[in-house]
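Here are the chains, one letter per residue:
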Amino acid sequence: MRTEEQRDPDPAPAGTPPRSLAEALRTRDDTSLSALLRIRPDLITPVPTDLTQLATRAATRASVVRALERLDRFALQTAEALAVASDPATYDELMGLMAGDDRDPAVTAAFPHALATLREQALVWGTDDRLRLVRTARELLAPAAQHPSPTGLGPTVAEATAGMSPGRIQEIVAACGLPTTHDPVSAVASLTALFTDRKRMPALLDTAPAESLEVLSRLVWGPPYGQVTADPARHLRWLIDRALLLPTAPGTVVLPREVALGLRAGRAHRETDPVAPALEPARTHRPQMVDTTAAGQAYTALATVEELLKDWHEGGPSVMRAGGLSVRDLKRTAAALDVVEPVAAFWVELSYAAGLLASDGEADERYAATPGYDQWTELPAGERWALLASAWLAATRTAGLVGGRDAKDRTLSALGPGLDRSAAPEVRHRVLALLAGLPEGSAAVPDSVIARLHWERPPRGPRTTAGDDLRGRLARWTLSEAELLGVTGRGALSAQGRALLGLPPAPAHDTASGSGSVGASAGRGAGAGARLPVHRHHRAAAEPAAPLPRTPAEQAAAAEQAARILGPLLPEPLDHVLLQADLTAVAPGPLQRPLADTLGVLADVESKGGATVYRFTPGSVRRALDAGRSASDLHAFLAAHSRTPVPQPLSYLIDDVARRHGHLRIGAASAYVRCDDDALLNEILADKRSQGLRLRRLAPTVLAAQADPAALLEGLRSMGFAPAAESAEGDVLITRAHAHRTPPRSAPAPVPDGPPVPDATLLGAAVRAIRAGDLASTTPRKAPQADLPGTGALPRTSSAETLATMQAAVMTGEAVWIGYVNAEGAASQRVIAPIRVEGGFVTAYDHTADEVRTYPLHRVTGVAELADDQR
């Protein structure tokens, strides 16, 4: 059975109040319908056939719950107040519940907009003298014994006395000094009138004992239920006798709603929040300083991601059986990146979200860089950053959850399952939009950002700590991650951050002046720091609108603009280093890729930051020799790329390692060592550290080992020797790092938070289809009583009658009403204007679909003429 909101009675005469939600929707124009479908996109998934079906869908529990969750606090409070008002309620009654008897001016000013919001979202319908909350919303928000009302109000006097005997009701009426009556209904009505009378009610309470008033004060703001004994105390008996407390169950009493409202001065809520809390600026910096700092962090972000994937160059950590990184691998990664584990988890998840790393899918599954990483490294720095930032902004995977527990008390691991939170992109957009609303260069107090988000989307359920709900934690993580990524600088939104959101640029300022210091200002240890914008009268005056990304093309354009802004702020890659006498090289900025790759093999990174320090060691030089470089190649490379002379100690180090490199040769026997210097082999045999290799002499210049060649090579190197591996032909093996790559992988798709917001094209088509379907379903027809609209029956005629009526309609050019069953067996009603009938098919203009279509006549169940006034 349809509810009143869903029922579609005969169309009401023009100018009369709507009798159902469907009728209320029918009075809206196309712009209003489009706004409803944009705010509640679940209503067009799929597109309703007509406005009656749209109203039915808008009143379903799942859709109403979703709509209520997306209301701001004051609009939700207005809906809660309407749920405890009479049904239907008047505008003045609802205003009184919100603003109280004293008519709070702030509430009075904000109330019309809140009510308009509820109307716009089809949660409230009807004229101002007959306001109705959709039935499902009333059931969710109204007081009930199973769940308390958010207002803290209890049942009405009529509801609480529903099972009470007429005699007991008369006793209560007499105790209150009211005239008795033999009609329980009129007796309850007189009690209700007494409790809602702002003059008589205080007079009654003036006669109450002080202890009775104390009991009422404890119950007035909820919960309204209390416990009493079988023989209540005198002050409780006084309240019970006058229905100021009414029994609901043995030992339980409730404060009636009318009594509570009288004690509250008419307010449904203890506190109302008509205005969104303002953001509190924490500090303000020069815009140039903000952009320079953010660019430095962007440079560090690029370097960190490259370092992470270079560390996993030959194959990263193994994938756990349940998926994700183990705690040990995350710790090792954090140590390699020189960051704490939560920050390491962020960089790992960001690389994954950007499609730069994934699992290789092999039997011994490991994480590795994807082919997309190689393409990414070839892009300009600004575009590489824009790709990372765009992936972060849209990702639903939430690195801040790593290390926590899931619903089954299992630890959440980086790159593992269970990290998707569909609200994350919206919260990130909204936090950055709020920062964009502050004066340029201003950072916000994090608690004020969270307070604003809580007003825009009130948290569900009780909270023990402010900001401990998911949206609060997402906001804190957003502020921290935006700072790490360079979207913000010193807590304020940067120019590239504004562009990434698709916002217009701030007033021009000279950002080029700070470009020279970006490299020096960058550092790994920088500190931590969408929903559609709220309605204009709730929003701070300077706050710009920042909608979520609309289409992929618009997102790409925003990323391109951000890259264009960031590019000049990043330092140009250098083609030189500064060699020093202590066997170190200083790179005063980012290096060109060939130079950085070669230097990474020849030396070890000692420290990072704006300037990177490399240290040359015997092991690093040997690594370069193993990769096929000769000593002369290394001398020439250093001389060509150093702005300072090559220090003599470094030249000696290269020559010394090269002279000893390959003097020992290791091959496969199981393994052997050969050397022309038998004295050196004697030294190896005499060394106690070689006992684990189980060496024995085969010839004066050859030792055999039971270890494999790789273990033997590593063991002798750990003893201080410089052996080289050789092939079966006796040639030195050149060992270059093997770049392990996964098969082509796409970035993980974000988990959507409900249906996507439809674009203008889809909205326009949906509204036209709904209008056409509604016209077809509500057009009066000439039909038997059994086939009248609203009965759910299709018109039924014989094949001959159907053909004759169609042919007549072609000749007269009139529209007809048909029943049609498609190939899937779905039945529908349509209004068509036949154009021609031939070959068992009718070609007609379908008013329902708003296009010309061809229908097989054997699928038409019947045909009927339209009423005369609809032709």
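Keep in mind it's a predicted model, so treat the numbers as computed, not measured. By convention here, each chain's residues receive numbers from 1 onward along its written sequence. Where totals are concerned, whole chains, interfaces and linings use all residues; where local detail is concerned, this predicted model gives features only for residues with pLDDT of at least 70, and gives and counts side-chain atom pairs only at 80 or more. For the side-chain quantities, the full set of heavy atoms in the structure was used; hydrogens and water were omitted.

> Please clarify how the overall build of the protein chain should be interpreted in this entry.
A helix here means a DSSP run of H or I that spans at least four residues, while a strand means a run of E at least two residues long, and both kinds are numbered starting from the N terminus. Tallying secondary structure elements over the protein chain gives 34 helices and 25 strands in all. Partly exposed describes any residue whose relative accessible area lies between the buried limit of under 20% and the exposed limit of over 50%, with all areas from a 1.4 Å probe on protein chains only and scaled to the type maximum. By the burial criterion, 48% of the 871 residues in the protein chain qualify as buried.

> What should I look at first to understand the sheet that holds strand β25 (residues 860–865) in this one?
Within a sheet, each strand pairs with its neighbour through backbone hydrogen bonds, oriented either parallel or antiparallel. Across the sheet, which stays open at both edges, the 5 strands sit in the order β24-β23-β22-β21-β25 with antiparallel pairing between neighbours. Where the open sheet ends on each side, the last strands, each with one partner, are β24 (851–856) and β25. The mean inter-strand angle of the sheet, taken between neighbouring strand axes irrespective of direction, is 45°. At least two DSSP bridges between two strands are required for those strands to pair. Bridge count between strand β23 (residues 841–846) and β24: 6 bridges; the pairing is antiparallel. By the bridge assignment for β24, Thr843 is matched with Thr854. Contacts between helix α34 (residues 799–812) and the sheet are confined to β21 (816–821), β22 (827–838), β23 and β25, with β22 contributing the most and set at about 65° to the helix. Here, axes are lines fitted to C-alpha atoms. For helices the fit covers the stretch in contact, and angles between N-to-C directions go from 0 to 180 degrees. The contact criterion used is simple: two residues touch if any of their non-hydrogen atoms lie within 4.5 Å.

> Where do I start with unusual backbone geometry in this structure?
Negative phi is the rule for most residues except glycine; trans is the rule for most peptide bonds. A cis geometry characterises the amide bond from Thr45 onward to Pro46, with omega recorded as 0°. Cis geometry marks the peptide bond from Asp87 to Pro88, where omega comes out at 0°. Looking at the secondary structure, you find Pro88 in the loop between α5 (73–83) and α6 (91–99). The phi torsion at Ala243 lies on the positive side, around 65°, for a residue other than glycine. Residue position: Ala243 is located in the loop between α14 (234–241) and β4 (246–249).

> Just to check I follow, could you spell out the packing of aromatic side chains for this structure?
Describing an aromatic ring pair means giving the distance of the ring centres and the angle of the ring planes. Here a pair means two rings of Phe, Tyr or Trp (six-membered ring of Trp) with centres within 6.5 Å. Their orientation is stacked below 30 degrees between planes, edge-to-face above 60, and tilted elsewhere. Taken as a whole and assessed by the stated rule, the structure comprises 5 aromatic pairs. Between Phe346 and Trp347, the aromatic rings sit 5.0 Å apart at their centres with planes inclined by 55°, giving tilted as the arrangement. A ring has a charge above it when a Lys NZ or an Arg CZ is no more than 6 Å from the ring centre and no more than 35 degrees off the ring normal. Sitting over the ring of Trp376, Arg384 keeps its end group 5.4 Å from the ring centre.

> Which parts of the structure should I look at to understand the side chain of Thr843?
Tracing the chain through its elements places Thr843 in strand β23. In this structure Thr843 comes out as buried when scored by relative accessible area, which is 10%. Under the rule applied, a polar contact is a pair of N or O atoms within 3.5 Å (in protein, one hydrogen donor and one hydrogen acceptor; residues adjacent in sequence only if both atoms are side-chain atoms). Within the local environment of Thr843, its side chain forms a polar contact with the side chain of Thr854, the two groups lying 3.2 Å apart. Ignoring anything within four residues of it in the chain, the contact list for Thr843 reads Pro834, Ile835, Arg836, Val852, Arg853 and Thr854.

> Explain the packing of helix α20 (residues 381–394) against helix α21 (residues 424–436) here, please?
Helix-helix packing is described using two parameters, namely the angle between the two axes and the distance between the axes. Packing of α20 against α21 leaves a shortest axis separation of 7 Å and a crossing angle of 115°. Here α21 runs roughly perpendicular to α20, going by the angle between their axes. Where α20 approaches α21, its residues Trp392, Leu393 and Ala394 are matched on the opposing element by Pro425, Arg428, His429 and Leu432. Residue classes follow a fixed rule: Ala, Val, Leu, Ile, Met, Phe, Trp, Tyr, Cys and Pro count as nonpolar, while Asp, Glu, Lys and Arg count as charged, and any other residue, Gly among them, counts as polar. Grouping the amino acids of the contact of α20 with α21 by side-chain chemistry returns 5 nonpolar, 1 polar and 1 charged. An angle below 35 degrees is read as roughly parallel, one above 145 as roughly antiparallel, one from 65 to 115 as roughly perpendicular, and any other as oblique.

> Would you mind going over helix α10 (residues 166–175) with me for this structure?
Because the α-helix completes a turn every 3.6 residues, residues three or four places apart line up on one side. Buried within α10 we find Ile169, Gln170, Ile172 and Val173. In a view along the axis of α10, the buried residues occupy a sector of 160°, so they form one face of it. In this structure, the buried residues of α10 make contact with α11 (184–196), α14 and β4. Gly177 sits one or two positions beyond α10 and adopts a positive phi of about 80°. The arc under discussion is defined with respect to the helix axis, by the directions toward the C-beta atoms.

> Sorry if this is basic, but what is going on with the packing of α21 against helix α23 (residues 470–485) here?
Orientation of α21 relative to α23, taken along the N-to-C sense of each, is 60°, at an axis distance of 9 Å. Here α21 runs over α23; the crossing is right-handed. Taking contact as the criterion, the partners of Ala424, Glu426, Val427, Arg428, Val431, Leu432 and Leu435 in α21 are, on α23, Arg471, Leu474, Ala475, Thr478, Leu479, Glu481 and Ala482. A class-by-class count of the residues in the contact of α21 with α23 yields 9 nonpolar, 1 polar and 4 charged. Left-handed is the label given to a crossing in which the near helix is rotated counterclockwise from the far helix by less than a right angle, and right-handed is the label when the rotation is clockwise.

> I would appreciate a short explanation of the nonpolar core in the present structure.
Grouped burial of nonpolar side chains is what soluble globular proteins tend to show. Ranked by internal contacts, the top residues of the largest apolar core, which has 91 residues, are Leu37, Leu191, Phe195, Leu244 and Leu245. Those residues in contact with Leu244 that sit more than four places away from it in its chain are Phe195, Met201, Leu204, Leu205, Leu216, Trp238, Leu239, Val254, Leu255, Pro256 and Val259. To qualify as a nonpolar core, a set must consist of buried Ala, Val, Leu, Ile, Met, Phe, Trp, Tyr and Cys residues joined through side-chain atoms within 4.5 Å. Counting residues in hydrophobic clusters, the runner-up holds 72 residues, among them Ala298, Ala369, Ala414 and Ala563.

> Explain the pattern of salt bridges to me, please; I cannot follow it from the model alone.
Any two side chains of opposite charge can pair, so long as their charged atoms come close to each other. The term salt bridge refers to a pairing of a side-chain nitrogen on Lys or Arg with a carboxyl oxygen on Asp or Glu at a separation within 4 Å. All told, the structure shown has 38 salt bridges when counted by the stated rule. In this structure, Arg237 engages Asp241 in a salt bridge whose closest nitrogen and oxygen atoms are separated by 3.6 Å. Linking Arg237 with Asp241, this pair stays in helix α14, spanning 4 residues, or about one helical turn. Counted as one network, the salt bridges with shared partners bring together Arg168, Glu171, Arg237 and Asp241.

> Where do I start with the confidence of the model for the protein chain in this structure?
Close inspection of predicted coordinates is inappropriate for parts of the model with low pLDDT. Here pLDDT means the predictor's own confidence in every residue, given as a number from 0 to 100. Looking at the protein chain, pLDDT values average 84 and 87% of them are 70 or higher. Of the regions scoring below 50 in pLDDT, residues 509–547 engages in 101 contacts with residues more than four places distant in sequence or in other chains. Counted against residues more than four places away or in other chains, residues 783–791, with its pLDDT under 50, gives 14 contacts.

> Sorry if this is basic, but what is going on with the sheet that holds strand β12 (residues 578–580) here?
Pairing within the open sheet is antiparallel, and its 4 strands lie in the order β12-β13-β15-β14. Sheet topology places β12 and β14 (604–607) at the edges, where each strand pairs with a single neighbour. The average angle at which neighbouring strand axes cross in this sheet is 30°, direction not considered. Judged from the 4 bridges that link them, strand β13 (residues 584–587) and strand β15 (residues 612–615) form a sheet pairing that is antiparallel. Paired with Ala587 across the bridge in β15 is Thr612.

> Teacher, can you tell me more about the side chain of Arg267 here?
Structurally, Arg267 can be placed in the loop between α15 (257–263) and β6 (281–284). Contact partners of Arg267, with chain neighbours within four places excluded, come to Leu97, Met98, Ala99, Gly100, Asp102, Asp104, Trp221, Leu261 and Thr272.

> Teacher, can you tell me more about the environment of Thr396 here?
Among the structural elements, Thr396 can be located in the loop between α20 and α21. Along the chain, Thr396 and Ala353 lie 43 residues apart, while their C-alpha atoms are 8.9 Å from each other. With residues up to four places along the chain from it excluded, the contact list for Thr396 reads Leu419, Asp420, Arg421, Ser422, Ala424, Pro425, Pro750 and Val751.

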